[in-house]
Each structure stands twice: as C-alpha cells, then as structure tokens.
Amino acid sequence: MRQFDYQVGYDLINFDEFVQFLNAVEQDFVPPLLKRINVFEYYNKCRSKAAFAVCRQEDEIVGLVVFYCNDVLKKEAFAVLLAVKKEWRGNAIAKALLDCAASFSKQHGMEMMGLYTSSEIACRAYVKSGFEVKSVIDLENMNLKRYYMERSI
C-alpha cells in the first residue's frame with residue numbers, strides 16, 4: 001500500500017512546486033487553467049489569503065486543494081482548486097484532501113464548504129465526499145454546465 005503524506009495549512013508549497021503541479025493537471029480544466037490566469041499573481045493571492053491541503057508521495061505533490069476559510073459572516077469555506085495527478089487517481093486522495101480542508105476550516109469557525117465544478121466526473125466524486133449540488137448554470141456558449149456544490153463541515 002502506498003504511503004501518502006497529507007498536510008494542511010498556510011504556505012505549504014513554493015511557487016515552482018505550484019507551477020509544476022498546475023502544468024501536470026492542466027489538461028483537467030476546461031477551459032485550460034493556465035491560459036486564463038497569471039500564475040504568479042494567482043499563486044501570490046493563494047499564498048496570502050488561502051490555505052492549502054497537499055498530498056505528497058515522497059517529494060512529489062500528487063494532489064492539492066486550495067481553499068479559503070475566512071468568510072466569518074457566512075461561516076463558509078470555499079475550495080477554488082482541487083486536482084489530483086492522473087497517475088495517482090483511484091487512491092481516494094481527493095476525498096482525503098477535502099476532508100483535511102473541511103477539518104481545518106471547521107477549526108477556523110466555518111460550518112459549510114462550497115465549490116464550483118464544470119466536470120461531471122468531479123461532480124460525482126464530490127457527491128461521494130458529502131457535497132450536494134445546490135445549483136447548475138448552463139454555459140451554452142461553452143457547451144458546459146457549472147455546478148455549485150456545498151457540504152456541511
């Protein structure tokens with residue numbers, strides 16, 4: 001059985017690791033993530049305002065969740081990025097990362113976690129992790145549906 005190291009907190013990965021990971025999972029985002037963002041600005045925003053749940057196998061980052069747990073009025077955490085490298089899928093890494101993020105968020109006073117996805121495959125995985133679809137937006141110009149999902153924590 002493979003050993004995975006899970007960490008959750010702030011400032012857990014450096015810029016080079018972040019870029020390397022995003023390059024490895026780029027094909028999973030529609031439209032491609034790196035074509036929509038300035039990766040340096042995105043990393044700095046995440047590093048200064050968000051928390052990370054990271055899964056490593058030896059020194060390699062194989063899964064990552066970036067999430068905010070700072071909405072004290074709504075008491076809602078929000079995951080903005082979740083990805084697992086293709087070759088590591090099927091090991092329940094996404095569920096474990098979401099559980100780490102939820103636990104950390106709960107410790108910081110949050111009661112709910114939300115996220116958006118445009119992937120029906122990811123949507124099914126989130127349902128297995130306790131999320132419920134709260135709304136669906138039809139993005140006709142892109143031939144996609146965007147799901148908003150929530151989970152109590």
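Residues numbered from 1 in each chain as written. Predicted model: local features only at pLDDT ≥ 70, side-chain atom pairs only at ≥ 80, totals over all residues. Heavy atoms only, no water.

(A) Spatial organisation of the packing of helix α1 (residues 15–25) against helix α2 (residues 39–49). Running from N to C, α1 and α2 point in directions that differ by 120 degrees, and their axes come no closer than 11 Å. Handedness of the α1/α2 crossing: right-handed. Residues Phe15, Phe18, Val19 and Leu22 of α1 form the contact with α2, whose own contacting residues are Val39, Phe40, Tyr42 and Tyr43. Per-class residue counts for the contact of α1 with α2 are eight nonpolar, no polar and no charged. (Axes fitted to C-alpha atoms, helices over the stretch in contact; angles between N-to-C directions. Helix = DSSP H or I, 4+ residues; strand = E, 2+ residues; numbered from the N terminus. Left-handed = near helix turned anticlockwise from the far one by under 90°. Contact = heavy atoms within 4.5 Å. Nonpolar A, V, L, I, M, F, W, Y, C, P; charged D, E, K, R; others polar.)

(B) Focus on the packing of aromatic side chains. Applying the stated criterion across every chain, the model contains eleven aromatic pairs. Geometrically, the ring pair formed by Phe4 and Trp88 is edge-to-face, given 5.8 Å between the ring centres and 85 degrees between the ring planes. In this pair, Phe4 sits in the segment before β1 (5–9) while Trp88 sits in the loop between β4 (76–84) and α3 (93–107), placing the two residues 84 residues apart along the sequence. As far as burial versus exposure is concerned, Phe4 and Trp88 are alike and both buried. (Phe/Tyr/Trp six-rings, centres within 6.5 Å; stacked < 30°, edge-to-face > 60°. Buried < 20%, exposed > 50% of the residue type's maximum accessible area, 1.4 Å probe, protein only.)

(C) Representation of the pattern of salt bridges in the model. Under the criterion given, the structure shown has eight salt bridges. Notably, a salt bridge pairs Lys85 with Glu60, separated by 3.0 Å at the nearest N-O pair. Here the residue Lys85 occupies a position in the loop between β4 and α3, and Glu60 occupies one in strand β3 (residues 60–71), the gap between them amounting to 25 residues. Salt-bridge contacts for Asp99 lead to Lys95; the nearest nitrogen and oxygen are separated by 3.1 Å. (Salt bridge = Lys/Arg side-chain N within 4 Å of Asp/Glu carboxyl O.)

(D) Broad picture of the environment of Val65. With respect to the helices and strands, the residue Val65 is situated in strand β3. Once the C-alpha coordinates of Val65 and Ser103 are considered, the two residues, 38 residues apart in sequence, prove to be 13 Å apart. Those residues in contact with Val65, other than ones at most four positions away along the chain, are Ala51, Phe52, Ala53, Ala79, Leu81, Leu82, Leu97, Leu98 and Ala101.

(E) Layout of the state of the cysteines. Across all of its chains, the model carries zero disulfides by this definition. The thiol of Cys69 is not disulfide-bonded; the next cysteine sulfur, from Cys46, is found 13 Å away. (Disulfide = S-S within 2.5 Å.)

(F) Highlighting the sheet that holds strand β5 (residues 112–117). Strands sit in the order β1-β2-β3-β4-β5-β7-β6 across an open sheet of seven strands; the sheet is mixed. The sheet is open, and its two borders are formed by β1 and β6 (132–139), each paired with just one other strand. Pairwise comparison of adjacent strand axes, ignoring direction, gives a mean angle of 20 degrees for this sheet. The sheet contact formed by β5 and strand β7 (residues 144–152) spans six bridges and is antiparallel. Note that in β7 the partner of Tyr116 across the bridge is Tyr148. Sitting on the sheet, α3 touches β1, β2 (51–57), β3, β4, β5 and β7, and the angle it makes with β3 is about 30 degrees. (Pairing = 2+ DSSP bridges.)

Purely spatial values, then, with no claim about function.
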